[in-house]
Amino acid sequence: MSLDHWMSWEGGVDLVAATADGLAMPNVIVHVARTVHTPVGSAPSGMIFWQPDASAAPLAFGFVSADPAVGAYFGKHIFSGTPFENAPVIQADIRICTSSDEAAARVEFPGFLFETRLSGLAGNQLVQREPSAAAPFHQQGLEATAAQASLKVNGGEIALILPPVGITGGPPAVSAPCGSYIR
């Protein structure tokens with residue numbers, strides 16, 4: 001099997017959630033890292049999905065990166081075949097802060113400021129996941145599951161409901177100190 005496309009990261013903070021009961025899919029994704037490495041360069045990067053009204057278009061959707069070339073790599077090479085394949089690239093300021101029991105991310109771009117905080121982190125666990133429809137890549141890395149998660153959008157606290165499983169097949173709120181996606 002030839003695996004030609006990859007990305008790896010350091011300092012990941014991943015949150016997948018819903019803002020109301022009964023939604024068919026989570027309407028919040030803040031999935032970012034302090035540094036993401038790709039064949040085209042390295043930069044703070046990730047993905048954002050914010051759709052507070054499930055019957056309307058998302059207010060924020062795309063790959064966020066300090067380097068647009070790095071952000072543009074993700075859709076075609078890593079997320080091909082998913083709803084993110086043709087997502088726009090948004091230049092953003094991404095800051096990550098981690099400790100032994102907390103991880104926080106701050107993602108800012110025109111019109112939006114997302115602030116996540118994950119607390120009560122469990123110990124790091126080795127993960128190795130096979131490709132799935134939602135995550136069509138091999139995933140390897142470390143994850144520490146969060147007991148609690150919070151989100152502020154433009155300074156306003158957002159009530160969250162964490163689903164049983166996140167977008168890559170693991171917990172919905174994790175600190176991911178390092179890892180890789182490979183396809």
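Here, every reference points to the structure presented above.
Residues numbered from 1 in each chain as written. Predicted model: local features only at pLDDT ≥ 70, side-chain atom pairs only at ≥ 80, totals over all residues. Heavy atoms only, no water.

### Quick look at helix α1 (residues 68–77)
Part 1 of the argument: Listed in full, the buried residues belonging to α1 are Val-70, Gly-71, Tyr-73, Phe-74, Gly-75 and His-77.
Part 2 of the argument: A distance of 2.9 Å separates the backbone nitrogen of Ala-69 from a side-chain oxygen at the start of α1, and that oxygen is part of Asp-67. (Buried < 20%, exposed > 50% of the residue type's maximum accessible area, 1.4 Å probe, protein only. Helix = DSSP H or I, 4+ residues; strand = E, 2+ residues; numbered from the N terminus. Polar contact = N/O pair within 3.5 Å; in protein donor to acceptor, adjacent residues only side chain to side chain.)

### Some words on unusual backbone geometry
With the exception of glycine, most residues fall at negative phi, and the peptide bonds are largely trans.
Part 1 of the argument: Even without a glycine there, the phi angle at Asn-154 is positive, about 50°.
Part 2 of the argument: Residue Asn-154 is classed as partly exposed on the basis of its relative accessible area of 45%.

### Describing the sheet that holds strand β2 (residues 28–38)
Part 1 of the argument: The strand order across the open sheet formed by eight strands is β5-β4-β3-β2-β1-β13-β10-β9, and the pairing between neighbours is mixed. Looking at the sheet topology across the chains shown, the edges are occupied by β5 (89–91) and β9 (125–129). Pairs of neighbouring strands in the sheet enclose a mean axial angle of 25°, with direction left out of account.
Part 2 of the argument: The pairing of strand β1 (residues 6–17) with β2 spans nine bridges and is antiparallel. Looking across to β2, one finds that Ser-8 is bridged to His-37.
Part 3 of the argument: Relative to the sheet, α1 contacts β1, β2, β3 (41–50), β4 (60–65) and β5, its axis offset from that of β3 by approximately 60°. (Pairing = 2+ DSSP bridges. Axes fitted to C-alpha atoms, helices over the stretch in contact; angles between N-to-C directions. Contact = heavy atoms within 4.5 Å.)

### Structural notes on the side chain of Asn-27
Part 1 of the argument: Mapping Asn-27 onto the fold places it in the loop between β1 and β2.
Part 2 of the argument: The exposure class of Asn-27 is buried, given its relative accessible area of 2%.
Part 3 of the argument: Within polar-contact distance, the side chain of Asn-27 engages the backbone oxygen of Gln-51 at 3.0 Å.
Part 4 of the argument: Setting aside chain neighbours within four positions, we find Asn-27 in contact with Ala-17, Ala-18, Thr-19, Phe-49, Trp-50, Gln-51 and Pro-52.

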